[in-house]
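Survey of secondary and tertiary structure
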Amino acid sequence: MNSSQSFWSPVVRDLVPYTPGEQPNIAGLIKLNTNENPYPPSPAAVRAIAATAQDGLQLYPDPQATSLRQAIAAYHGIDAAQVFPGNGSDEVLAHAFFAFFQQDQPILMPDITYSFYKVYCGLYGIAFEVVPLDAAMRIQVADYQRACGGVVIANPNAPTGTGLPLAQIEKLLQQHSRRTVLVDEAYVDFGGESAIGLIDRYPNLLVVHTLSKSRSLAGLRVGFAAGQRHLIEALERVKDSFNSYPLDRLAIAGAVAAYEDRAHFEKTRAAVMQSRELLSRQLQALGFEVLPSQANFLMARHGQYDAAALAARLREKGILARHFKLPRIEQYLRISVGTPLQCEALVGALRVLLAA
Ligand SMILES: *Cc1c(COP(=O)(O)O)cnc(C)c1O
């Protein structure tokens, strides 16, 4: 043990924290590495945040974020009591792991998925087993048919971008009727099928959303879980044992306004989906194999060029793409869909690099 670590709780010495994609502060950088939305948030959200900043910041926010629960519930056609908002979906996920996955059996997750899931397992001492994606990098629900402490999947999955149809989600829910099935729908608004409409029928279903991707509010830190009341109550117990006010006044006001501005949401997500399809065709024309994506990013590999080397060369040209040094995906680049101009710059840079 390093002496500076002697102050640490033993569990901290063994933690393997999540490594976020880089957020460098370099002007003119084309940032296609962390799946942020290339478009700014709703102007109504920005106005609501500014107005709120003028009024009442000396006071604590509503610990229940009632207005936000109502706005989310109205959008999804569910009850406000079925919504649990939090400080980014990462916080909501962490509370859900703590609340539901400390069981006598390991939880199941795909081998290739959001790498934070394993980090929460490490933080809370939750045992897990990984279930390999098939050769086409898809989740096969039949492979999850075994006793477990719960299941977590991202749908569409990250970083692959491939989505599961709702009928498959229902199979998973039926296979594990006595365990919580957590479906992380961070990217669902870019072409996936949401399971939120299933919560009244499945007491074991918890769906998690974020405002960071499809609502362009990564900087505001808002996410939520939707599920039946007994699941939401467990999350509320964890939250109120940790931080009573995870959502500040600015976040609540901005998030409510974002949900109310449906036109902005529809316009920006349509633009991202359109650019994704064009970019996918252009990457394939350059010789990349591109996984089918229902998200705001593409997972692509090139038979002749090493992915880490390509990422490094792109970086020299001021373009960031994400490379994961992980088994099965180390030859892929995960490329967030940018504006049409950003996508053009990427394709132009790749054309030059691949020709060299
Ligand atoms: C981006 C992402 C999140 C985190 O979202 P925040 O709300 O910004 O914390 C959660 N899950 C997946 C799969 C993501 O890609």
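Residues numbered from 1 in each chain as written. Predicted model: local features only at pLDDT ≥ 70, side-chain atom pairs only at ≥ 80, totals over all residues. Heavy atoms only, no water.

**So, the packing of helix H3 (residues 66-76) against helix H8 (residues 249-260)**
Where H3 contacts H8, the axes come no closer than 9 Å and their chain directions differ by 15 degrees. On the basis of their axis angle, the class for H3 and H8 is roughly parallel. Once H3 is placed against H8, the crossing between them reads as left-handed. Mapping the contact onto sequence places Ser67, Leu68, Ala71, Ile72, Tyr75 and His76 in H3 and Ile252, Ala255, Val256 and Tyr259 in H8. Looking at side-chain class alone, the contact of H3 with H8 contains 8 nonpolar, 2 polar and no charged residues. (Axes fitted to C-alpha atoms, helices over the stretch in contact; angles between N-to-C directions. Helix = DSSP H or I, 4+ residues; strand = E, 2+ residues; numbered from the N terminus. Parallel < 35°, antiparallel > 145°, perpendicular 65-115°, else oblique. Left-handed = near helix turned anticlockwise from the far one by under 90°. Contact = heavy atoms within 4.5 Å. Nonpolar A, V, L, I, M, F, W, Y, C, P; charged D, E, K, R; others polar.)

**Quick word on the sheet that holds strand E9 (residues 288-290)**
The strand order across the open sheet built from 3 strands is E9-E10-E12, with neighbouring strands paired in antiparallel fashion. At either margin of the open sheet sits one strand with a lone partner, and together these are E9 and strand E12 (332-336). Across this sheet, the average inter-strand angle for adjacent strands is 35 degrees, counted without regard to direction. When E9 meets strand E10 (residues 297-302), the two strands line up antiparallel, connected through 3 bridges. (Pairing = 2+ DSSP bridges.)

**Re the environment of Pro40**
Secondary-structure assignment places Pro40 in the loop between strand E1 (30-32) and helix H2 (43-53). Assessed through its relative accessible area of 55%, Pro40 is described here as exposed. The sequence separation of Pro40 and Ala127 amounts to 87 residues, and the corresponding C-alpha distance is 39 Å. The residues touching Pro40, leaving out its near neighbours within four places in the chain, are Ser216 and His264. (Buried < 20%, exposed > 50% of the residue type's maximum accessible area, 1.4 Å probe, protein only.)

**Section: the packing of aromatic side chains**
Scanning the entire structure with this criterion turns up 13 aromatic pairs. Ring centres 5.6 Å apart and planes at 65 degrees place the aromatic pair Tyr75 and Tyr259 in the edge-to-face group. In this pair, Tyr75 sits in helix H3 while Tyr259 sits in helix H8, placing the two residues 184 residues apart along the sequence. Centroid distance Tyr114 to Tyr117: 5.5 Å. Interplanar angle 85 degrees. Geometry classified as edge-to-face. Grouped by ring-pair contacts, the aromatic residues Tyr18, Phe97, Phe101, Tyr114, Phe116, Tyr117 and Tyr120 constitute a single cluster. Just above the ring of Tyr75 sits the side chain of Arg215; from NZ or CZ to the centre is 4.8 Å. (Phe/Tyr/Trp six-rings, centres within 6.5 Å; stacked < 30°, edge-to-face > 60°. Lys NZ or Arg CZ within 6 Å of the ring centre and 35° of its normal.)

**Considerations on the domain arrangement of the chain**
Segmentation of the chain into domains returns domain 1 (3-40 + 263-355) and domain 2 (43-261). If you average the C-alpha positions of domain 1 and of domain 2, the two centres end up 23 Å apart. For the domain 1 and domain 2 pair, buried surface summed over both sides reaches about 2,700 Å², with 60% attributable to carbon and sulfur atoms. If you look at where domain 1 meets domain 2, you find 1 salt bridge. Arg328 serves as the salt-bridge partner of Asp111, at 2.8 Å between the closest nitrogen and oxygen. Going through the elements one at a time, helix H9 (262-285), E10 and E12 are the ones with two or more residues in the side of domain 1 that touches domain 2. (Domains from an automatic or database assignment. Buried area = accessible area lost by both parts, 1.4 Å probe. Salt bridge = Lys/Arg side-chain N within 4 Å of Asp/Glu carboxyl O.)

**Regarding the site of the ligand**
Near the ligand the following residues occur: Gly88, Ser89, Asp90, Leu93, Tyr114, Asp184, Ala186, Tyr187, Thr210, Ser212, Lys213 and Arg221. Asp90 places a main-chain nitrogen or oxygen 3.0 Å from an oxygen atom of the ligand. For the ligand, an oxygen atom lies 2.5 Å from a polar atom in the side chain of Tyr187. By residue number, the principal contributor to the shell around the ligand is helix H4 (residues 88-100), which donates 4 residues. Of the residues belonging to the shell around the ligand, the class tally is 4 nonpolar, 4 polar and 4 charged. (Near = heavy atom within 4 Å. Polar contact = N/O pair within 3.5 Å; in protein donor to acceptor, adjacent residues only side chain to side chain.)

**Details of helix H11 (residues 340-355)**
For H11, with 16 residues, the first-to-last C-alpha span of 22 Å sits near the 22 Å given by 1.5 Å per residue. Inspection of H11 places Cys343, Leu346, Val347, Ala349, Leu350, Leu353 and Leu354 among the buried residues, and these make up the whole buried set. Take H11 and look down its axis: the buried residues cluster within an arc of 165 degrees, on one side only. H11 presents Leu341, Glu344 and Ala355 as exposed residues on the side facing more than 90 degrees away from its buried surface. (Expected span 1.5 Å × (residues − 1). Arc of directions from axis to C-beta.)

**Some remarks on the packing of H4 against helix H5 (residues 116-124)**
To characterise two packed helices, one gives the angle between the axes of the helices and the distance between these axes. Put simply, H4 and H5 touch, their axes get as near as 10 Å, and they point 50 degrees apart. On the basis of their axis angle, the class for H4 and H5 is oblique. In the crossing of H4 with H5, the sense of the turn from one axis to the other is right-handed. Residue-level contacts link Asp90, Leu93, Ala94, Phe97 and Phe98 of H4 to Phe116, Tyr117, Tyr120, Cys121 and Tyr124 of H5. Looking at side-chain class alone, the contact of H4 with H5 contains 9 nonpolar, no polar and 1 charged residues.

**Looking at the pattern of salt bridges**
In a structure, side chains of opposite charge can pair up when their charged atoms sit close to one another. Taken as a whole, this structure holds 14 salt bridges when the rule is applied. Among the ionic pairs, Arg221 bridges to Asp90, the shortest N-O distance being 4.0 Å. Within this pair, whereas Arg221 is found in the loop between strand E7 (205-210) and strand E8 (223-227), its partner Asp90 is found in helix H4, the two being separated by 131 residues in sequence. Residues participating in the shared-partner salt-bridge network are Arg69, Arg229 and Glu236.

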